Amino acid sequence: MITKDIDTVVPAVPAPVADEQPQRPGKRRRAWDEAPRWQIYVPLGIYLLFTLIPFYWILLFALRKPGSTSLVPWPMTFEHFEKVWNERSFGTYFENSVYVGVATLFMTTLVALAGGYALARFDFKIKRAFMLALLCSQFVPGALLLVPLFQIFAELQMINSLGSVIIAETVFQLPLSMILISGFIRNVPYSLEEAAWVDGCNRFTGFRVVVLPLLRPGLIAVGSFAFVHSWNHFLFALMFLSNQDKQTIPVGLNSLMSADSVDLGALAAGGIIAAVPVVIVFAFIQKWLITGFSAGAVKG
């Protein structure tokens, strides 16, 4: 028996080129990775330098002795802090600012939470017009509101009262706060509330048990923004408060500057007292603040 070998033809596979290496997924070099490190760190270092120099200058005037011209605050003294806290009534200003800031925080958060829920969950005829009015209100400067607010508070006999400043700050913060809260509520699935209703909860209970815990980053963002704005706002406190025992820290800082002279040491110490609470607040809520603002601004 004659057996014939059948040659099978196998297609030739080109050998891999030595210079070409397969790229692993996720290992692609980005454009900024190819830049030298000094092109990244040098601009950041210059920006950091220009940012920290004013803070160092404030610390220098606040901690060095009166009349000293040294560029190093040594030996340090707390004479300026004692002066502004005791002689210039900064203790009273601080208490008033804390009261205004905390009250504005709670009022803004509660009203914005109710209004934001209505904008996110209900449909009504003037909803688009109302949202447009909220957005347009952000272009109105606070100075234009002084005359009508002053007349309203005068009729209500609330001039020279911290309540007038709290109401004015709350009204000024509500439009942006409602927009942020409504955007954050839209990110919460509506099916979660429906499941709570099926389990026997009413709308308020379902919102409190299911939705409200998920809104913590947004509430922290809105509340912190309202607190910081009311803490630093100067115009409303200046116009609505006349007695010294009712004034806040921004007005107290303005009182340290006169037409004839400026006490730079006391002014620097007062500026540090005004800045420390805000820095502490942002240091603790930075993560929640970024998460809340980004989540509330994505869907609006």
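A. How the structure looks around the packing of aromatic side chains. By the definition in use, this model includes 13 aromatic pairs. A ring pair is formed by F78 and F81, whose centres lie 6.0 Å apart and whose planes are at 50 degrees; its orientation type is tilted. With centroids separated by 5.2 Å and ring planes inclined at 85 degrees, the aromatic side chains of F153 and F240 adopt a geometry described as edge-to-face. Of the two residues, F153 sits in helix 5 (residues 146-155) while F240 sits in helix 10 (residues 235-240), which places them 87 residues apart along the sequence. When sorted by exposure, F153 lands in the same class as F240, which is buried. Ring pairs connect the aromatic residues F150, F153, F172, F236 and F240, which therefore count as one cluster. Taking NZ or CZ as reference, R64 lies 4.6 Å from the ring centre of F61, over its face.

B. Spatial organisation of the pattern of salt bridges. Overall, the coordinates contain two salt bridges when judged by the stated rule. Two residues, E193 and R121, come together in a salt bridge whose shortest N-O distance is 2.6 Å. With E193 in helix 7 (residues 190-198) and R121 in helix 3 (residues 90-121), this residue pair connects regions lying 72 residues apart in the sequence. Side by side, E193 and R121 carry an identical accessibility label, which is buried. Salt-bridge contacts for D123 lead to K127; the nearest nitrogen and oxygen are separated by 3.4 Å. Given a relative accessible area of 15%, K127 falls into the buried group.

C. The arrangement of unusual backbone geometry in detail. Phi is positive for Q157, close to 60 degrees, though the residue is something other than glycine. Topologically, Q157 is positioned in the loop between helix 5 and helix 6 (162-186). The class for Q157 is exposed, based on a relative accessible area of 73%.

D. Local environment of the layout of surface pockets. Computed from the structure, the largest pocket encloses a volume of approximately 250 Å³. Lining the largest pocket are S137, Q138, V140, L145, V171, F172, Q173, L174, P175, L176, F225 and H229. Mapped onto the lining of the largest pocket, the elements with two or more residues apiece are helix 6 and helix 9 (216-232). At six residues, the largest contribution of residues to the lining of the largest pocket is made by helix 6. Taken as a whole, the second largest pocket spans an internal volume of roughly 170 Å³.

E. Focus on the environment of N96. Inspection of the secondary structure puts N96 in helix 3. Classification of N96 by relative accessible area gives buried; the value is 9%. Separated by 150 residues in the primary sequence, N96 and K246 place their C-alpha atoms 6.6 Å from one another. Sequence-distant contacts of N96, defined by excluding residues within four places in its chain, comprise L162, D245, K246, Q247 and T248.

F. Structural detail: the packing of helix 3 against helix 6. For the pair helix 3 and helix 6, interaxial distance at closest approach is 6 Å and the crossing angle is 40 degrees. Between helix 3 and helix 6 lies a crossing of right-handed hand. Its residues assigned to classes, the contact of helix 3 with helix 6 shows 17 nonpolar, nine polar and three charged.

G. Broad picture of the side chain of S164. Structurally, S164 is set in helix 6. Setting aside anything within four residues of it in sequence, one finds S164 in contact with F153, M158 and F240.

Conventions used here
- Residues numbered from 1 in each chain as written.
- Predicted model: local features only at pLDDT ≥ 70, side-chain atom pairs only at ≥ 80, totals over all residues.
- Heavy atoms only, no water.
- Phe/Tyr/Trp six-rings, centres within 6.5 Å; stacked < 30°, edge-to-face > 60°.
- Helix = DSSP H or I, 4+ residues; strand = E, 2+ residues; numbered from the N terminus.
- Buried < 20%, exposed > 50% of the residue type's maximum accessible area, 1.4 Å probe, protein only.
- Lys NZ or Arg CZ within 6 Å of the ring centre and 35° of its normal.
- Salt bridge = Lys/Arg side-chain N within 4 Å of Asp/Glu carboxyl O.
- 1 Å grid on protein atoms, 1.4 Å probe; cavity = no way out; pocket = protein on both sides within 12 Å on 5 of 7 lines; lining within 4 Å.
- Points joined across faces, edges and corners; volume = space filled by probe spheres on them.
- Contact = heavy atoms within 4.5 Å.
- Axes fitted to C-alpha atoms, helices over the stretch in contact; angles between N-to-C directions.
- Left-handed = near helix turned anticlockwise from the far one by under 90°.
- Nonpolar A, V, L, I, M, F, W, Y, C, P; charged D, E, K, R; others polar.

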